[in-house]
Structure formats: C-alpha cells, structure tokens
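The chain contents come next:
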Amino acid sequence: MATFFSTVFSSPNPIRSKSILHYNQQQFTLKCNASAAAPPLPAEVHTFWKWLCDEKVVSSKSPAKPGIVPEGLGLVAERDIARNEVVLEVPKKFWINPDTVSASEIGKVCNGLKPWISVALFLIREKLREQNDYSPWRNYIDILPECTDSTIFWSEEELCEIEGTQLLSTTLSVKEYVKNEFLQIQEQVILPNKQLFPFAVTLEDFIWAFGILRSRAFSRLRGQNLVLIPLADLINHSPSITTEDYAYEIKGAGLFSRDQIFSLRTPIPVKAGQQVLIQYDMNKSNAELALDYGFIESTPDRNTYTLTLQISDSDPYFDDKLDIAETNGTKDVQYFDITLGRPLPPKMLPYLRLVALGGTDAFLLESIFRNSVWDHLELPVSRDNEEVICQVVRSACRSALSSYRTTIEEDEKLKGGDLDRRVEIAVGIRAGEKMVLQHIDGIFKEREMELDENEYYQERRLRDLGLVGEQGDIIFWEPK
C-alpha cells in the first residue's frame, strides 16, 4: 500500500501567498534611547512632506506625519487620535498602480504585461532617471529603502542560516521566478526601447522593485489589486493589534465627485508622539512575514509548516482517486498548512486515507461508493490504511528534522542574545518550523498508539446493519 503513497515536506507555490501590505524597514534605520529626543528626519523625507503639503494632500493640521521609529520610518501622531479616526487621505492622482503606468511615457510598451511587472518597470525608471530629468515621483522614490530584511535581499551567507527550512526553498524559488521574468522583460521591453530606458537596468534593480511591491503594496481594495500609496505606506505593523477591520478603504472624494481617495484609519486610540500602527495580515505565517516584510512574530500560531501530499502517478487507482479528490475540493497535489498548537486541517486526514487507499480497501474506490466515499474517509478505514499514513507522515517528519543544521535546543539558547536582525529572523524561523514538525509527529504518534482501539469501516458497517452487539461482538443467527 505504501508503494503508491507520495508524501513531500516542501515549500508551497512561492508566488501563491497573498501580498496584502508592507513592512516599512527603511534605509533610515538607527538606534536611539527611547527617552532621548526624536532624531531629525533625513532631508529626503522633509522634501517628500513638503511636496505633499504643496499638493494639498496634507497640512500642518494633519493628525500624523513621518517620523523616525524603531523600524526606520513610520507615521507618528501629532496629537491624540481616537480609535477609527481618519489619519490621512490620499487622492488617486498620487497612487502608483497599473493605470499610472498606462498613462506614463512607458505605458505603450507595458501594455499586456503582468501588472506587477509594469509597476516594477515604472519604479525602476523613476529611480534611475537623471537628477536633471525632473519627475514629481522623485519625491517619493527618494524615501524608498534600498532593501528590506526580506529574505529575497539576504546574502548567501545569511541564507545559510535558514538551511533546511521551507523558507529557504521558497526564497530561492521566488528569486528564480523574478530572474526569469527579468530576462524575458529585458529582451522584450527594456533593450528594444533604449529611448525609454537609456540606462542599464540590472537584475538587482528588478529584485529591488519586486521587494518594494511585495512589502509596500496595498491590495484587497475595491477595484485595486496592486497599488502603492505614498505616505500611507509608511504605516507599520503591530502584533498586538488583532483586527484588520476598517484600517483602510477606497471611497469617493465627495458627493459630486468621481475622484477616489485612499483613507487610512487607526484601529486603536493613539497618543500624541506615539506611532500609528495597524495589523498587516492575521493569516500570514512567520515564513510569509519574513519573505514579504522582513520580520517575524513570537506568537506561536504564526509558526506553520506546509505538508505536500500527492497521489502518485504510478498508483493503479490514480484516475479514481483523482476524481474523488477533485469532487471534494482537493487536487492530485495538495498543500496543507499546519499551524503550531492547532488541529490538523479538516480535509487532511481524509486526503491522506484516500492517497493510501489500496489492497482490500480498494473496493471503496468503486463507482457505487463515489457519492459517499469521502464520508467514509472522514473516519479510519482499516488498521492497515491508518498505520500506513501514520508511518509515512512520521517518517517524513524525522527526515525533515534531520535536514536542519541546529536543534531546537540550540536555537532556543540563541534567542534573546545580541543577534543581528536577520540572524534573529533565521533562528525564529528554524525553531518555529521544527516545533511544528514535532507537533505533527506527536499527533501521528498518538494516532499510532490508538490503532487497536479505533473502529474501522467494516466494524461500522456491521454495526449499522445491526450485526454487532453492545460489547462489539458479532451477532450470529441460528438457522430455523
């Protein structure tokens, strides 16, 4: 039965994670005593703020403005701000999205490109413009960081710190994806249009733009799936804020106006001098936070591990199993995100039993059971089937744990020490993944110990037919 069971502990599709907001790890990072006076803002930020003032986006009465914070740059309250009070509003003409690109000088050559690629090219072109080639977007581009602590910006030496993790696999896959997109765009758009791109555009430039979009773009907005909002994208994340509701929205500029504005509210009360913060995404794992924004949280339920299950192509029942899987909302290759301390995903055990189904249990794959087979798979099918899934998953856990360079105990000793920020992220990711693997192994170890206590399909069937007594013994009738 195990011959046709394919289980892989690997990273999910690297591009499938949802990019919702940004973490603002600016280049203007410095350490300061919390009781000391706020350090002065860089000249670029003053220029940016003046531009917004001149354009009437903000004023001296604005409730918040840019300031130096532990993360780098952030939004700092100028006065007390009440919960759900509007912090800022940015008109659509100051957004950067695919429409902005279409209306720009490179709009025609970007027609038909993926939205993120067209916006990336716009950012790169604005960044590489000559200083005497004036563009109002220079005011915004100049405050953008050269990099964040996202793993896509890590050196090879730094990436060695996450050896064995799913995050490393995902990071390398993402960088390879970006590289392939760049080579294609370089050949099809950049090199044939030297008049629009009179400067050298490198892979590093393309990765920079990708990182900016990954960390700063707002999505899930009405009619806007990818948009940069200058000033609003200085908002930082707080793990203590546990709601994403009502932090931001797109709304009409007025009763008789067709214009749109981006409105940002504070989800909690903020005192003057404090940083205005929001929750980026309650559903992102630490690996996704590290990849997108360059930080992680200590919250246990941010630690996840993706178990990849697959119906083997060599399985003699492949077609039947695939039909059952697809009928019940799964695929031949299925990802299950398992979170530390939480139960297994609801469809994981039925899918495991389906993948391992064979031998004397294969009758459940017959068409007569097609409408009810998933219900049967919700419960243990047979001792052999249940034992196989326990053995295979536990073996995969042990194999995955052996691929790390350090143990959980070694990682725990490093925590709390004077670590480089990226090393601190690496240690947290390593330890988190290992704890989830141990969590998974523990679940299936317990199921293994209950193999002789489970009620399997045949016993349930006999009971439903009234052929099993109260003590579990099979009832026989004497012939008359």
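This is a predicted model, so every value here is computed, not measured.

Details of the side chain of Thr 266
- Among the structural elements, Thr 266 can be located in the loop between strand 7 (260–265) and strand 8 (277–278).
- Looking at Thr 266, the relative accessible area reads 1%, which means it is buried.
- A polar side-chain atom of Thr 266 sits 2.6 Å from the main-chain carbonyl oxygen of Ile 268.
- The contact partners of Thr 266, leaving out residues within four places of it in the chain, are Ile 81, Ala 82, Arg 83, Asn 84, Glu 85, Val 87 and Val 276.

A short note on the pattern of salt bridges
- For the structure on display, the rule yields 35 salt bridges.
- Across the salt bridge formed by Arg 138 and Asp 142, the nearest N and O atoms sit 3.2 Å from each other.
- Classification of Asp 142 as partly exposed rests on a relative accessible area of 29%.
- With a shortest N-O distance of 3.0 Å, Arg 353 and Glu 386 are connected by a salt bridge.

Focus on the sheet that holds strand 7
- One open sheet holds the three strands; their spatial order is 4-7-6, and the pairing between them is antiparallel. Each edge of the sheet is formed by a strand with only one pairing partner; in this case those strands are strand 4 (86–91) and strand 6 (248–252). Averaged over all pairs of adjacent strands, the angle between strand axes in this sheet comes to 25°, irrespective of strand direction.
- Pairing analysis gives five bridges linking strand 6 to strand 7, with the strands arranged antiparallel.

The rules behind the values
Residues numbered from 1 in each chain as written. Predicted model: local features only at pLDDT ≥ 70, side-chain atom pairs only at ≥ 80, totals over all residues. Heavy atoms only, no water. Helix = DSSP H or I, 4+ residues; strand = E, 2+ residues; numbered from the N terminus. Buried < 20%, exposed > 50% of the residue type's maximum accessible area, 1.4 Å probe, protein only. Polar contact = N/O pair within 3.5 Å; in protein donor to acceptor, adjacent residues only side chain to side chain. Contact = heavy atoms within 4.5 Å. Salt bridge = Lys/Arg side-chain N within 4 Å of Asp/Glu carboxyl O. Pairing = 2+ DSSP bridges. Axes fitted to C-alpha atoms, helices over the stretch in contact; angles between N-to-C directions.

So, to be careful, I would describe these as geometric facts and stop short of saying anything about function.
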